[in-house]
Amino acid sequence: MTNEELWQTALNELELAVSKANFITWFQNTSIADRQDGVIVLNVPNAFAKEWLEYKYHKFILKALRNLAPDIRNVEYIISSELTPLLQKRRRERSIAPHEEQLEFKEFLVDRETNLNPRYTFDSFIVGPFNELAHAASTAVSKNLGQAYNPLFLYGGVGLGKTHLLQSVGNEIKKLNPRLRVLYTTSERFTSELVSSMQNNEASSFKDKYRSYDLLILDDIQFVAGKVKTQEELFHIFNSLYETGRQIIFSSDKPPHAINNLEERLKSRFEGGMVADIGQPEYESRLAILKSKVLGKENYINQEILEFIASSVQRNIRELEGALNTVVAKSKLSGKMLSIPEIKEVLDKNTQPKRIVTANQIIKCVADFFDVNEKILFEKTRKKEIVKPRQIAMYLLREDYNGSYPYIGQRFGGRDHTTAIHAFDKISKELKKSSQLVEEVKRIRELYEYNNVN
Amino acid sequence: MKLNCNKNELYRLISLAERSTSKNPTLPTLSSVLLKTGKNQLSVISTNLEVGFEGNLSAKVEKEGEALPPIKTLISILYSIPDEEITLENQNNNLKITSKTSTSKIKCLSVEEFPVIPKIKKEKFFSIHQDDLTQALKNTIPAASLTHTKPELASIYIYSQGKFPITFVATDSFRLSEHKTSLNFPSLSILLPQKSAQEITRIFEDSAGDIDVIFNNNQIVFQNRNISFLSRLTEGSFPEYQTIIPKSFETQVVVEKNSILGSTRAAGVFSSKLSEITLSVKAEEGNLIVKSSSPDTGEYEAISTAKISGQDVEANFNYHYLLEALQLISGPKVFLGFNGAQKAVLVKGMDESGYIHLVMPMRGV
């Protein structure tokens, strides 16, 4: 007889011995926790039940159990769950859930052991041409931990879904095999943990902790740049995990070779598995993402509005979501669906202004990036190291500033407009061939977009 | 059983005991109150199996004994008696209450059926002054969650660790309230259900002196000379909350409490269904603006002069949350610390160090 059967049979007998109300009050939610050497340990729901069963019904219970299993000598009681039957009945929501516009402390959603946020899963991830490589690599890793691509290195700009993908892998692994040890952390937290462990003379427990994971996810790895001790520790942890076939996943805002102040041995290790990038979503993907977010908000949103938001917010998925939420909140307040001009007004106020950049800024950033003097760009020299920055500057003036070819020629020391056309064509063609140039152009753009050069 | 006692004192205790009874009709013992004589005193005991209440009052005991009358009946009868002194007496299965002007007999239940209130060994305990305890609970209760889906958030977290003093915390994940006491305890971590916490503030509000707090893994008892209140503890662990308390602020505002409290209350009148009001800080002008508008009811704007350092900020809040946070501040000046429109604002009294309140904003419109 199993413990459940034994207790169930004993309960049937006890039910006859006591009144119905008493039976429900004291015997509901009890079970056998353990049975060893003739001693039965009973789970009881609360301290009241423990006292009552011990003092009032102990003899009945022991007798009922001994009738079924004569070897039982004693019964003990422990409190196991905080739920009493009375409480369960009361389990209905009393308060109205706060509106979704109310922000929460996001930190509380996070699993304390793994640092994963259960919200991020593959199911909620929208795949488009801009991220399909990264997505495919991540799913492959989650299906074949430590063997498919190790390490996996994902990179891409802010708000494009890197963290979502990383955490999805972690959550998927936890779902498939809860016993595996998973940790998601940011490189910044990694560093501060290392520092505090050194301060408290607990460096070895830090090392042991990180060497024990089956899957280690380090987000925003670019921030270890320039931190020598962190890089050294990371290097050893990496080796230890890698050698034992455990999976490591990194993310960064740029590819490994473009992270400055990063030791060569780390760079080469980052590149040793799979490096996948997440680009900027194109229109169709943006629309698909928006559509996935409108569930429950259909009253305030139609296809036309979605298309308008998708076309006006271009660079970043986080902004895209923000724009949608803003529009929904605004229409809830006014109690009707907004018209396109109204939405345009709302979005203009809230989203990052489109690039407003001056010709001077572009030229200055290009000069800074290639570490040449601004003035040299305007001189009539054909030195290779000057020609390239100059052509890139011309290309960017055309692309981002919308300068006319004659104007661009004029800017660069009174050159002919055909020179500007030539530079633009040349760089455009080069961009298709050379990924290094693509990266360079991207980083120059970042200079004037994010750092707001004056 | 036969005894004389003061009717008003008994009435007061019975009313407190009534809150710890159950209204479940299948268990009549839980909607009754146990009267039990002791040495020159009468004990009043009630429970709903979640909490247990025991109160004592002095009485002239002539004959020892116990009785278990339904509490509702007893309360109604006591309420109607105009006289001060009453006599309680067991008669067969009845409780006979005699005063100068009236006599009543209440049909009682069998005393055997009444549950035993669990006792806790006095191994882990501390003493706290009544004022400090009720203050700490009153400051944290409003932030506790009312839902049952996350029992750890529907509780007050009471903890201490090494040199950190005993601290009370509650959060419903939209706001958080922390109250540090000046007491120390080596290591403590308990989750007191929000309802029990509320009960404790009521029970001990009028009493003076120290309260002993005794606890084990499942239960906790709060007691002074006359009253003892037992509650179960919530299982589970409170979220790691220290990291969300901001250490630095982009905008710091110091403003008269009455002025911001008044304008927040008024702005609430015109808030929409979302209970949303806007706080706008203009650093250069030194102005804190509280405003709200609703397409249906109208709009409101109030400007208070404030001491401001840092940059301008404008954020939206649920005015209930803001109001509750502000009301709990005892001093005349309020400190508000902002970190942009999407991060929590820290609210505290300018001269208080123990109590802080964090409120998450609402998404901007």
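Residues numbered from 1 in each chain as written. Chains lettered and ligands numbered in written order. Predicted model: local features only at pLDDT ≥ 70, side-chain atom pairs only at ≥ 80, totals over all residues. Heavy atoms only, no water.

Participant: I'd love a proper account of the overall build of chain B, names of residues and values included.
Facilitator: Along its length, chain B carries six helices and 26 strands. Expressed as a percentage of the 365 residues in chain B, the buried residues total 57%. When contacts within chain B are restricted to residue pairs at least 6 apart in sequence, those whose partners lie at least 24 apart make up 65%. (Helix = DSSP H or I, 4+ residues; strand = E, 2+ residues; numbered from the N terminus. Buried < 20%, exposed > 50% of the residue type's maximum accessible area, 1.4 Å probe, protein only. Contact = heavy atoms within 4.5 Å.)

Participant: An account of the sheet that holds strand 2 (residues 34-38) of chain B is needed here, citing residue identities and associated values.
Facilitator: Residues and elements named next belong to chain B. With respect to topology, eight strands assemble into an open sheet ordered 6-2-3-4-17-16-15-10, the strand pairing being antiparallel. Either end of the sheet is taken by a strand with one partner, and the two such strands are strand 6 (66-67) and strand 10 (124-129). Contacts between helix 4 (residues 194-204) and the sheet are confined to strand 4 (51-58), strand 15 (210-215), strand 16 (219-223) and strand 17 (227-232), with strand 17 contributing the most and set at about 175° to the helix. (Pairing = 2+ DSSP bridges. Axes fitted to C-alpha atoms, helices over the stretch in contact; angles between N-to-C directions.)

Participant: Break down the packing of aromatic side chains for me, citing the residues and quoting the values.
Facilitator: Residues and elements named next belong to chain A. Taken as a whole, this structure holds 29 aromatic pairs over all chains when the rule is applied. Between the aromatic rings of phenylalanine 206 and tyrosine 210, the centroid separation amounts to 4.8 Å while the plane-to-plane angle is 50°, which identifies the pairing as tilted. Remark: tyrosine 210 and phenylalanine 206 occur in helix 8 (residues 203-211); sequence separation between them is four residues, near one turn of the helix. For the pair phenylalanine 206 and tyrosine 210, one class covers both residues: buried. (Phe/Tyr/Trp six-rings, centres within 6.5 Å; stacked < 30°, edge-to-face > 60°.)

Participant: I'd like a description of the domain arrangement of chain B, backed by residues and values.
Facilitator: Residue and element names in this part refer to chain B. Entries for chain B in the domain assignment read domain 1 (2-113), domain 2 (124-242) and domain 3 (245-359). The C-alpha-based centres of domain 1 and domain 2 are spaced at 29 Å. Of the residues lining the interface, 11 residues belong to domain 1; the matching set on domain 2 comes to 12 residues. Of the roughly 1000 Å² buried between domain 1 and domain 2, counting both surfaces, carbon and sulfur atoms make up 46%. In this structure, arginine 232 and glutamate 50 form a salt bridge, with 3.5 Å as the shortest nitrogen-oxygen distance. Taken together, the connections running from domain 1 to domain 2 amount to five residue pairs in polar contact (both at pLDDT 80 or more). Here the residues of the side of domain 1 that touches domain 2 are counted per class, giving four nonpolar, four polar and three charged. (Domains from an automatic or database assignment. Buried area = accessible area lost by both parts, 1.4 Å probe. Salt bridge = Lys/Arg side-chain N within 4 Å of Asp/Glu carboxyl O. Polar contact = N/O pair within 3.5 Å; in protein donor to acceptor, adjacent residues only side chain to side chain. Nonpolar A, V, L, I, M, F, W, Y, C, P; charged D, E, K, R; others polar.)

Participant: Got a sec to walk through helix 4 of chain B? Specific residues and values, please.
Facilitator: Along helix 4 of chain B, eight of the 11 residues are buried, which leaves the element largely enclosed by surrounding structure. Buried residues of helix 4 of chain B: Gln194(B), Ser196(B), Ala197(B), Glu199(B), Ile200(B), Thr201(B), Ile203(B) and Phe204(B), and no others.

Participant: Requested: an account of the interface of chain B and chain A, with residues and values cited.
Facilitator: Interface extent is often summarised as the accessible area lost during association of the parts. Each partner contributes residues to the interface: chain B has 59 residues there, and chain A has 41 residues. Scanning the region where chain B abuts chain A turns up zero salt bridges. Here chain B and chain A share seven residue pairs in polar contact (both at pLDDT 80 or more) between them. Looking at the side of chain B that touches chain A, the elements that each hand over two or more residues are strand 4, strand 13 (175-180), helix 4 and strand 17 of chain B. Its residues placed into classes, the side of chain B that touches chain A shows 28 nonpolar, 19 polar and 12 charged.

Participant: A description of the side chain of Gln231(A) should follow, citing residues and the corresponding values.
Facilitator: Residue and element names in this part refer to chain A. Locating glutamine 231 in the fold gives a position in helix 9 (residues 228-243). One polar contact links the side chain of glutamine 231 to the main-chain amide nitrogen of glutamate 263, over a distance of 3.0 Å. Residues in contact with glutamine 231, not counting those within four places in the same chain, are Val224, Ala225, Gly226, Asn261, Leu262, Glu263 and Leu266.

Participant: Pulling in residues and values, what's your account of the nonpolar core?
Facilitator: The nonpolar side chains of a soluble globular protein tend to be buried with one another. Ranked by internal contacts, the top residues of the largest apolar core, which has 57 residues, are Leu10(B), Ile14(B), Leu88(B) and Leu95(B). Among the elements that make up this core, the one with the highest residue count is helix 1 (residues 7-18) of chain B (five residues). Residue-level mapping places this core at the junction of two domains, with at least three residues from each of domain 1 (2-113) and domain 2 (124-242) of chain B. Sequence-distant contacts of Leu10(B), that is, excluding residues within four places in its chain, are made with Cys5(B), Leu42(B), Val44(B), Leu57(B), Leu78(B), Ile86(B) and Leu88(B). If you look at the next biggest cluster of nonpolar residues, it comprises 43 residues, including Phe122(A), Ala134(A), Ala137(A) and Leu215(A). (Core = buried A, V, L, I, M, F, W, Y, C linked by side-chain atoms within 4.5 Å.)

Participant: An account of a positive patch on the surface is needed here, citing residue identities and associated values.
Facilitator: Where like charges cluster on the molecular surface, the positive patch consists of Lys106(A), Arg119(A), Arg318(A) and Lys343(B). Counting through the fold element by element, Lys106(A) comes out in the loop between helix 4 (85-89) and helix 5 (132-143). (Patch = residues over 30% accessible without salt bridge, like charges linked within 9 Å, V, L, I, M, F, W, Y side chains within 5 Å. Areas by Shrake-Rupley, 256 points an atom, 1.4 Å probe, with all protein chains shown as cover. Lys, Arg positive; Asp, Glu negative; His and termini not counted. Charge placed at Lys NZ, Arg CZ, Asp CG, Glu CD.)

Participant: Give me the sheet that holds strand 1 (residues 2-6) of chain B: which residues, what numbers.
Facilitator: Residues and elements named next belong to chain B. The antiparallel open sheet is built from five strands, whose spatial order is 5-1-7-8-9. Single-partner strands in this sheet number two, and they are strand 5 (60-63) and strand 9 (103-107). Direction aside, the axes of adjacent strands within the sheet are offset by 20° on average. By the bridge criterion, three bridges tie strand 1 to strand 5 in an arrangement that is antiparallel. Each bridged residue has a counterpart across the sheet, and for lysine 2 the counterpart in strand 5 is lysine 63. Relative to the sheet, helix 1 contacts strand 1 and strand 7 (85-91), its axis offset from that of strand 1 by approximately 90°. Strands strand 7, strand 8 (94-98) and strand 9 of the sheet are contacted by helix 2 (residues 71-80), whose axis makes an angle of about 170° with strand 9.

Participant: Any chance you could break down unusual backbone geometry for me, citing the residues and the numbers?
Facilitator: With omega at -5°, the peptide bond leading from Asn150(A) into Pro151(A) counts as cis. With respect to the helices and strands, Pro151(A) occurs in the loop between helix 5 and strand 4 (152-156). Within the chain, Asn201(A) stands out as a residue other than glycine whose phi angle is a positive 55°. Along the chain, Asn201(A) falls in the loop between helix 7 (187-199) and helix 8. Residues other than glycine seldom take positive phi values, yet Asn92(B) does so here, at roughly 50°. Within the secondary structure layout, Asn92(B) lies in the loop between strand 7 and strand 8.

Participant: Requested: an account of the side chain of Thr29(B), with residues and values cited.
Facilitator: Here Thr29(B) lies in the loop between helix 1 and strand 2. Excluding residues that lie within four positions of it along the chain, Thr29(B) makes contacts with Leu68(B), Leu109(B), Glu113(B) and Phe114(B).

Participant: Any chance you could break down the confidence of the model for chain B for me, citing the residues and the numbers?
Facilitator: For chain B, per-residue confidence averages 91 on the pLDDT scale, and 99% of positions sit at 70 or higher. For this predicted complex, the interface confidence reaches an ipTM of 0.71, while the overall pTM sits at 0.71. (pLDDT = per-residue confidence, 0-100.)

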